[in-house]
Amino acid sequence: MKRGWMPTAALWALAMLMSCGAALAGGDPSLRLAYQDRIGSVMPIIALHEGYFKQEGLDLKPLQFSSGPACSEALYSGAADVAAMGDTAALIMAARASGMVMLASHATGEGRHRIMVRADSPLQTLADLKGKKLGVKKGTSTYGGVLAALDKAGIPAGSVEIIDLSPPTMTEALFAGSIDAFAASEPTPSVAETKGARQLVDLSGLGNEYPIMLLARKKYVAANKKALTLFFAALKKAAAYAAAHPEETARIMAAQTGLPLPATKAALARHVYRLRLDDGIVKSLSATADFLVREKVIPAAPDMAVVIDREFVN
């Protein structure tokens with residue numbers, strides 16, 4: 001996969017606008033967060049909904065995107081100070097853009113990535129994807145999981161035609177017949193199920209926890225420790241709220257994603273929401289990085305001793 005890190009004009013404009021707003025606001029420390037409108041983003045979404053960032057004295061400016069690569073581009077361009085993305089996008093960022101550090105994982109879940117087909121599809125196994133069109137957003141943790149699943153099954157990646165699609169377009173493309181299957185993280189598979197799709201396989205059992213990482217520039221971290229301390233304090237409150245109020249959390253997330261409540265609950269159950277940067281997360285990241293090097297997605301694995309910053313999450 002080849003993907004440049006040159007920022008778009010729109011993101012440069014957004015960076016300038018947000019920077020000016022931060023300069024004029026004064027008062028509380030500020031932080032621009034790029035996150036996804038997905039089930040994995042429970043902590044930032046709940047923290048915003050419940051006002052925890054304000055309670056902590058942090059002026060948080062939310063920037064919502066539909067994929068990890070979009071969040072990583074916002075971080076790279078300077079439009080965001082902190083960005084949330086899956087492990088593959090995080091490793092690509094760390095490998096290709098110097099000075100980036102990983103501050104925490106805020107969600108994991110082996111079963112949160114699934115490959116979906118139409119209910120009437122003749123496809124029954126992963127091997128049936130040979131010669132077929134599979135929609136997936138390249139550069140995401142789902143994409144890394146797909147490559148790993150094909151590798152484990154002994155299926156050459158080149159035997160499946162990968163179509164680079166954004167998650168919001170996948171279900172429509174599936175039912176229009178322009179792709180035979182798609183792979184995505186929740187809630188996209190559950191949305192498709194409500195419209196008549198079915199699961200072909202999930203991407204569990206590959207030795208990957210699929211952590212959703214929070215990244216920032218090392219220079220930003222050094223200069224904004226107070227803002228980051230307040231940021232993580234708010235996320236910890238959100239994690240506690242989600243654990244204590246699962247029904248209300250499901251309702252909030254259903255409203256955020258537009259997913260029916262039963263499907264939202266099922267999607268939430270495929271995740272574990274906890275701030276972590278322990279040895280288990282680092283081991284999972286290291287294994288995925290080594291695989292991405294073998295697949296020539298990244299030129300070399302990032303040095304975990306350099307890109308891991310445990311200052312804010314014990």
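To be clear, the structure that these remarks concern was listed above.
The following paragraphs examine the structure supplied in this document.

Rules and cut-offs
Residues numbered from 1 in each chain as written. Predicted model: local features only at pLDDT ≥ 70, side-chain atom pairs only at ≥ 80, totals over all residues. Heavy atoms only, no water. Pairing = 2+ DSSP bridges. Helix = DSSP H or I, 4+ residues; strand = E, 2+ residues; numbered from the N terminus. Axes fitted to C-alpha atoms, helices over the stretch in contact; angles between N-to-C directions. Contact = heavy atoms within 4.5 Å. Salt bridge = Lys/Arg side-chain N within 4 Å of Asp/Glu carboxyl O. Buried < 20%, exposed > 50% of the residue type's maximum accessible area, 1.4 Å probe, protein only. Core = buried A, V, L, I, M, F, W, Y, C linked by side-chain atoms within 4.5 Å. Polar contact = N/O pair within 3.5 Å; in protein donor to acceptor, adjacent residues only side chain to side chain.

1. A short note on the sheet that holds strand β3 (residues 82–86)
Part 1 of the argument: The mixed open sheet is built from five strands, whose spatial order is β2-β1-β3-β10-β4. The strands lining the two open edges of the sheet, one partner per strand, are β2 (59–65) and β4 (100–107). Between one strand axis and the next, the sheet turns through 25° on average, direction left out of account.
Part 2 of the argument: Relative to the sheet, helix α5 (residues 87–96) contacts β3, β4 and β10 (212–217), its axis offset from that of β3 by approximately 125°.

2. Thoughts on the pattern of salt bridges
Part 1 of the argument: Within this structure, the stated rule accounts for 14 salt bridges.
Part 2 of the argument: Two residues, K61 and D59, come together in a salt bridge whose shortest N-O distance is 3.2 Å.
Part 3 of the argument: The exposure class of K61 is buried, given its relative accessible area of 16%.
Part 4 of the argument: Where E186 meets R270, a salt bridge forms, and the shortest distance between an N and an O atom there is 3.8 Å. Remark: R270 occurs in the loop between α12 (261–268) and α13 (279–294) and E186 occurs in the loop between β8 (181–185) and α8 (188–194); sequence separation between them is 84 residues.

3. Notes on the nonpolar core
Part 1 of the argument: By size, the foremost hydrophobic cluster in this structure holds 53 residues, and its most contacted members are M102, I115 and L129.
Part 2 of the argument: Filtering out sequence-adjacent residues up to four positions away, M102 remains in contact with A90, L91, A94, M213, L214, L215, L277, L285, V307, I308 and D309.

4. Re unusual backbone geometry
Part 1 of the argument: In this structure, P187 follows E186 across a cis peptide bond, with omega equal to 15°.
Part 2 of the argument: As for its position among the elements, P187 is in the loop between β8 and α8.
Part 3 of the argument: Of note in this structure, K296 is not a glycine but carries a positive phi near 65°.
Part 4 of the argument: Looking at the secondary structure, you find K296 in the loop between α13 and α14 (304–307).

5. Considering the side chain of R32
Part 1 of the argument: With respect to the helices and strands, R32 occurs in strand β1 (residues 30–36).
Part 2 of the argument: A distance of 3.0 Å separates a polar side-chain atom of R32 from the backbone oxygen of G78.
Part 3 of the argument: Looking at R32, its side chain comes within polar contact range of the main-chain oxygen of A79, at 3.5 Å.

6. Quick word on the environment of R118
Part 1 of the argument: Here R118 lies in strand β5 (residues 113–118).
Part 2 of the argument: Overall, R118 belongs to the partly exposed group, its relative accessible area being 22%.
Part 3 of the argument: Between the alpha carbons of R118 and K195 there is a distance of 9.2 Å; along the sequence they are 77 residues apart.
Part 4 of the argument: Setting aside residues no more than four positions away along its own chain, R118 makes contact with L174, F175, G177, I179, G196, A197 and R198.
Part 5 of the argument: Within the structure, R118 has its side chain in polar contact with the backbone oxygen of L174 (distance 2.9 Å).

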